[in-house]
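Topology and contacts: notes
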Amino acid sequence: MDIVVCMKQVPDLQQIRIKDRQPILENIPLVWGDIDKNAMEEAVKVKGKLGTGKITVVAKGSDKLQQGILEPLAMGADEAVLLMDPAFAGSDSVGTAKILAKAIEKIGSYDLVILGEGSTDNYSGVVASALAELLNLPEITYVRELEVEDGKIRAVRNMEESFEVMEAGLPALVTVAQEINQPRLPKFMDIRKAGAKPKHEWGPADIGLSTEEVGQKARRVETLSNLAPEQDRKNIMLQGDHDKQVGALVDALTKEGVLGR
Amino acid sequence: MSEILVYSYADETAFELISASKGFAGQLGATVSAALLGEGAGAKASDYFAYGADKVYVSEHPALRDFYVGTYAEALKQIAESGDVEFVLIGSSKRGKELAGRVAQKLDAGAITDANAVRAKDGNLEADRYSLGGNTLASQVITTPKKVISVMPKTFELGPKEVRQGEVVKLDLDLKEPPVKVVERREKAGDKVNLEEAEILICVGRGVQAKEDLAMIEELARLLGAEIGCTKTPASDWQWFSEERMVGLSGKKCKPILYVSIGISGQIQHTVGVVDSKIIVTINKDEKAPIFAMTDYGIVGDYAVVVPKLSEKLKSPR
Ligand SMILES: Cc1cc2nc3c(=O)[nH]c(=O)nc-3n(C[C@H](O)[C@H](O)[C@H](O)COP(=O)(O)OP(=O)(O)OC[C@H]3O[C@@H](n4cnc5c(N)ncnc54)[C@H](O)[C@@H]3O)c2cc1C
Ligand SMILES: Nc1ncnc2c1ncn2[C@@H]1O[C@H](COP(=O)(O)O)[C@@H](O)[C@H]1O
């Protein structure tokens, strides 16, 4: 059972500061996409259950991947493919899917491709579907329970009005929802050992693409502006014991005219 | 003449998109069409015309019986390529979102998903969507000849329904049976709540550890006249609430006059759903919780103590 997991490093959104409605991204540490960690966890579980297989993590991003990739490797990935050529920078979602597809084709053998339901920063949900189309794979999204058996997968997916139980043959592509599992925190020793696992760095030429076909140059979506909403809050911390605080709150809300409407 | 093609799994969203597209069509010199896919879909044509579609494409191909993203994407591709479709507007439910990426790939198009505003400008459609997890709102345009945009439900109001005629195009699509089968569908219990319209909203977060404690929060809600919503954990993980009550990036966007957060840290994916509240009240035991930065009136404390006291206070004569 060969599993490919696609993971993205994103700026730690909780640490982004806003200045004049502009997000300040300099010096914000990178972390792995929340749901991408669920994707890796699920791969490790599937491999564990079947008792055999190989997990390859594929990530397109900056040179910070060099260090960051130790975490998914420590979680249980066996190998990593890093797509951090500067030419790849500035891709939109469909462009990212194209690069991932070429890299996965080069990996060659895969029974299951697992992604997150959405990336933590962009949450477009486009990458997985475009990738499934490019690799011509059956696709099951928003998966909250997954079973792999006898060359088949059975998945429960979480839709607005129902839970759908789906079945498909392998190879297939799956996106997972956050509730599917609790990603493990890799232990220090595993991180140390992860450094010895194979890592491949591929640029456009390695995956059969020219620099014109990737990254900023291949963008199909142009961003005209990207601003934070204006907010004006009172930031009053109510003081005293809890009786005082709730008293002050009720007074304030009465004055604001929101009680007894 | 270029065409705006609308498709949504939920007809209601399709009607909203058709209503809005009539306006765009005027500005762009385009026509409005819609795709009706699946068993018995053709019967809906008159409603689609009534909201303003000039043309509907109908396919009741057996492969479209159940919604499978790949097959529906292929159907939309064949429709888009048979006509002069420039824009494909899709209702951004979960199904619509997964569809957008696959249709875009098939059409060599750019895609924007979860748009919460769309306007016609300089001969193109410009769309807004949240970026950086909800920290910012990005305005974007697609630069490929064909463009795929999925638009959140309720982004546009339903236009008036009029008695109108239109053209029905029955299609003979070339589709294969889906490689993914739906073997069972477990309906969720219906929860018809409209949090988007709530004037007063209380949200429950992961800090509320015991389900029994919901009783005290329900009492507070009664006293305030509030609807109860939640963050992701109480809905998707604990299933205390239906996802109709989940507020945030992947849930509802609300704009109440008063929003009370209980045991919520203030992660951006939740707060993006409440930034437009007029007044924000927070009860959290950690004075460093990021949500206090966007709070008007904050109480640092254990909700299990603070909430009953607040209810008592609200019951006492003022
Ligand atoms: C792509 C993506 C999309 C997402 N979409 C959404 C979405 O739409 N909606 C959503 O809500 N989340 C969403 N999330 C998840 C989100 O990031 C948070 O994990 C989620 O909102 C849970 O936050 P919380 O505040 O409830 O829990 P936590 O962050 O764990 O915070 C709990 C808080 O409760 C406080 N607390 C604990 N005990 C008490 C007590 N006794 N009294 C008072 N306070 C107490 C703690 O101090 C803490 O601040 C999304 C995540 C991703 C990655
Ligand atoms: N740069 C990337 N490198 C590897 N995987 C990615 C990248 N971007 C997105 N993905 C995968 O695609 C999923 C959905 O991303 P998105 O379409 O941006 O919401 C993520 O959860 C990842 O699994």
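Residues numbered from 1 in each chain as written. Chains lettered and ligands numbered in written order. Predicted model: local features only at pLDDT ≥ 70, side-chain atom pairs only at ≥ 80, totals over all residues. Heavy atoms only, no water.

A separate point is unusual backbone geometry. Residue P171 of chain A is reached from L170 of chain A by a cis peptide bond, and omega for that bond is 0°. With phi around 50°, D20 of chain A is a residue other than glycine that occupies positive phi space. With respect to the helices and strands, D20 of chain A occurs in the loop between β3 (17-19) and β4 (22-24). The class for D20 of chain A is exposed, based on a relative accessible area of 70%. Within the chain, Q239 of chain B stands out as a residue other than glycine whose phi angle is a positive 55°. Mapped onto the elements, Q239 of chain B comes out in the loop between α6 (232-237) and β14 (258-262). Exposure remark for Q239 of chain B: the relative accessible area of 41% places this residue in the partly exposed category. (Helix = DSSP H or I, 4+ residues; strand = E, 2+ residues; numbered from the N terminus. Buried < 20%, exposed > 50% of the residue type's maximum accessible area, 1.4 Å probe, protein only.)

Close contacts around ligand 1 come from 31 residues, with R206, T231, S250, S265 and Q269 of chain B the closest. In this structure, ligand 1 is bordered by residues of chains A and B. A distance of 3.0 Å separates an oxygen atom of ligand 1 from a polar backbone atom of L249 of chain B. Residue S265 of chain B places a side-chain N or O atom 2.6 Å away from an oxygen atom belonging to ligand 1. Isolated, ligand 1 exposes 990 Å² of accessible area, and the fraction of that covered by the protein chains is 91%. If you list the elements that add at least two residues to the shell around ligand 1, you get α1 (34-50) of chain A together with α6 and α7 (268-271) of chain B. Its residues assigned to classes, the shell around ligand 1 comprises eight nonpolar, 17 polar and six charged. (Near = heavy atom within 4 Å. Polar contact = N/O pair within 3.5 Å; in protein donor to acceptor, adjacent residues only side chain to side chain. Areas by Shrake-Rupley, 256 points an atom, 1.4 Å probe, with all protein chains shown as cover. Nonpolar A, V, L, I, M, F, W, Y, C, P; charged D, E, K, R; others polar.)

Residue and element names in this part refer to chain B. Per the counting criterion, the structure on display carries 40 salt bridges over all chains. Note that K97 and D114 form a salt bridge whose closest N and O atoms lie 2.9 Å from each other. With K97 in helix α4 (residues 94-106) and D114 in strand β5 (residues 110-115), this residue pair connects regions lying 17 residues apart in the sequence. Accessibility expressed as a relative area gives 12% for D114, which makes it buried. Here E227 and R245 are joined by a salt bridge, their closest N and O atoms 3.5 Å apart. (Salt bridge = Lys/Arg side-chain N within 4 Å of Asp/Glu carboxyl O.)

Our next topic: the pairing of strand β2 (residues 31-37) of chain B. Residue and element names in this part refer to chain B. For β2, the tally of buried residues reaches six of seven residues, placing the bulk of the element in the interior. Sheet analysis places strand β1 (residues 3-7) next to β2, joined by four bridges and oriented parallel. The residue bridging E3 from the neighbouring strand is T31, located in β2. Handedness of the crossover joining β1 and β2 through helix α1 (residues 11-28): right-handed. In this sheet, strand β3 (residues 55-59) lies alongside β2 in parallel orientation, the contact comprising five bridges. The residue of β3 that forms the bridge with A34 is V56. Assessed by its sense of winding, the connection that carries the chain from β2 through helix α2 (residues 45-51) to β3 is right-handed. (Pairing = 2+ DSSP bridges. Right-handed = clockwise from strand over helix to strand, strands pointing away.)

Turning to the site of ligand 2, a few remarks are in order. Residues and elements named next belong to chain A. Residues in close proximity to ligand 2 total 18 residues, the closest being C6, D36, S119, S124 and G125. With respect to ligand 2, the backbone of G116 contributes an N or O atom lying 3.0 Å from an oxygen atom. The protein chains hide 98% of the 490 Å² of surface that ligand 2 would expose on its own. A total of three residues in the shell around ligand 2 trace back to one element, the largest contributor, which is strand β6 (residues 54-60). In terms of residue class, the shell around ligand 2 is built from nine nonpolar, six polar and three charged.

As a further point, take the confidence of the model for chain B. Looking at chain B, pLDDT values average 96 and 100% of them are 70 or higher. The ipTM assigned to the predicted complex is 0.95, against a pTM of 0.95. (pLDDT = per-residue confidence, 0-100.)

With that out of the way, let us pick up the interface of chain B and chain A. On the side of chain A, 78 residues touch chain B, which itself brings 86 residues to the contact. Linking chain B to chain A there are 10 salt bridges. The salt bridge partner of E164 of chain A is R95 of chain B, with a shortest N-O separation of 2.7 Å. Counting every contact that joins chain B to chain A gives 51 residue pairs in polar contact (both at pLDDT 80 or more). Considering each element in turn, the side of chain B that touches chain A owes the most residues, nine residues, to α4 of chain B. (Contact = heavy atoms within 4.5 Å.)

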